[in-house]
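Each chain is listed here by its residues.
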Amino acid sequence: EVQFVESGGGLVQAGGSLRLACAASGFTFDDYAIGWFRQAPGKEREGVSCISSSDRSTYYADSVKGRFTISADNAKNTVDLQMDSLSPDDPALYYCAYTFRLGMPTSQAMEVMRLHYASWGQGTQVTVSS
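Since we're looking at a predicted model, the values are computed, not measured.

**Student:** Would you take a moment to explain the sheet that holds strand β1 (residues 3–7) for this structure?
**Tutor:** Think of a sheet as strands paired side by side through backbone hydrogen bonds, with each pair either parallel or antiparallel. Taken in spatial order, the 4 strands of this open sheet run β1-β3-β8-β7, and their pairing is antiparallel. Single-partner strands in this sheet number two, and they are β1 and β7 (68–73). Averaged over neighbouring strand pairs, the angle between their axes works out to 15 degrees when direction is ignored. With 6 bridges joining them, strand β3 (residues 18–25) and strand β8 (residues 78–83) adopt antiparallel strand pairing. Each residue of the ladder has a partner; that of Leu-20, found in β8, is Leu-81.

Printed below as a string of structure tokens:
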């Protein structure tokens, strides 16, 4: 059974930074795409960033490009999301997910997870104060 534990959320001031961690259990990183998603009250879940465990190719939503950085540590089965310059548009519950990549671009893998992933965990809450 695949389980993700998200951590690192908290309360920060606008312009501040947080580093989220996604720790996986029940599988080992091989050729997967692992993504970070977020959902704010009243909004649908959106893809934030994605990384391939094999070649480290990445995807970033336009809203976070230049501010967020995703990284993976295959040995630890973790995927981190460094979030800088946080704004009032970023608060949400952040989740991670995965799919077998099968050579698909990370942007496509993100869509696969968004549409088909069904094992969302508890997530970690990010709150931004002004």
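**Student:** Can you walk me through the pattern of salt bridges in this structure?
**Tutor:** Opposite charge on two side chains allows them to pair when their charged atoms are near. Within the structure shown, the criterion is met by 7 salt bridges. When the shortest N-O distance is used, the salt bridge between Arg-38 and Glu-46 registers 2.7 Å. Under the relative-accessibility criterion, Arg-38 is labelled buried at 5%. On the basis of relative accessibility, which here comes to 32%, the residue Glu-46 falls in the partly exposed class. Across the salt bridge formed by Glu-111 and Arg-114, the nearest N and O atoms sit 2.8 Å from each other. A residue pair is termed a helical-turn pair when its members lie 3 or 4 positions apart in one helix, as Glu-111 and Arg-114 do in helix α1 (residues 106–116) at 3 residues. Using a relative accessible area of 31% as the deciding quantity, one classes Arg-114 as partly exposed.

**Student:** Looking at this structure, how should I read the pairing of β1?
**Tutor:** In regular strands, side chains alternate between the two faces of the sheet. On β1, burial follows the alternation: Phe-4 and Glu-6 on one face are buried, whereas Gln-3, Val-5 and Ser-7 on the facing-out side are not. As paired strands, β1 and β3 are joined by 5 bridges and run antiparallel to one another. Bridging across to β3, Phe-4 finds its partner in Ala-24.

**Student:** Explain unusual backbone geometry here, please?
**Tutor:** Leaving glycine aside, a negative phi is the common case for residues, and trans is the common case for peptide bonds. The phi dihedral of Asn-77 falls on the positive side, at around 55 degrees, and the residue is not glycine. In this structure, Asn-77 sits in the loop between β7 and β8. With a relative accessible area of 11%, Asn-77 lands in the buried category. A positive phi is found at Ser-85, a non-glycine position, where the angle reads about 50 degrees. Tracing the sequence through the fold places Ser-85 in the loop between β8 and β9 (92–100).

**Student:** Hey, could you run me through the sheet that holds strand β4 (residues 32–39) in this one?
**Tutor:** The 6 strands are arranged β2-β10-β9-β4-β5-β6 in an open sheet whose pairing can be described as mixed. Both edges of this open sheet fall to β2 (10–13) and β6 (58–60), since each of them pairs with a single strand only. Taking each pair of neighbouring strands and ignoring which way they run, the sheet shows an average axis angle of 25 degrees. As paired elements, strand β5 (residues 46–52) and β6 share 3 bridges and run antiparallel to each other. Paired with Ile-51 across the bridge in β6 is Thr-58. Sheet contacts for α1: β4, β5, β6 and β9; angle to β4, the most-contacted strand, approximately 60 degrees.

The rules behind the values
Every chain is numbered on its own, with residues counted from 1 as its sequence reads. Predicted model: local features are reported for residues with pLDDT of at least 70 only, side-chain atom pairs are reported and counted for 80 or more only, and whole-chain, interface and lining totals are derived from all residues. Only hydrogens and water are set aside; all other atoms, that is, all heavy atoms of the structure, feed into the side-chain values. Only strands that DSSP links by at least two bridges are regarded as paired with each other. For the purposes of this entry, the term helix denotes a DSSP run of H or I that reaches at least four residues, the term strand denotes a run of E that reaches at least two, and both are numbered from the N terminus. Think of each axis as a best-fit line through the C-alpha atoms, taken over the contacting stretch in the case of a helix, with angles from 0 to 180 degrees between the N-to-C directions. Note on definitions: salt bridges are taken to be side-chain nitrogens of Lys or Arg within 4 Å of carboxyl oxygens of Asp or Glu. For the exposure calls, accessible area comes from a 1.4 Å probe over protein chains only, and a residue counts as buried if that area is under 20% of its type's maximum, exposed if over 50%, partly exposed in between. We call two residues in contact whenever any of their non-hydrogen atoms come within 4.5 Å of each other.

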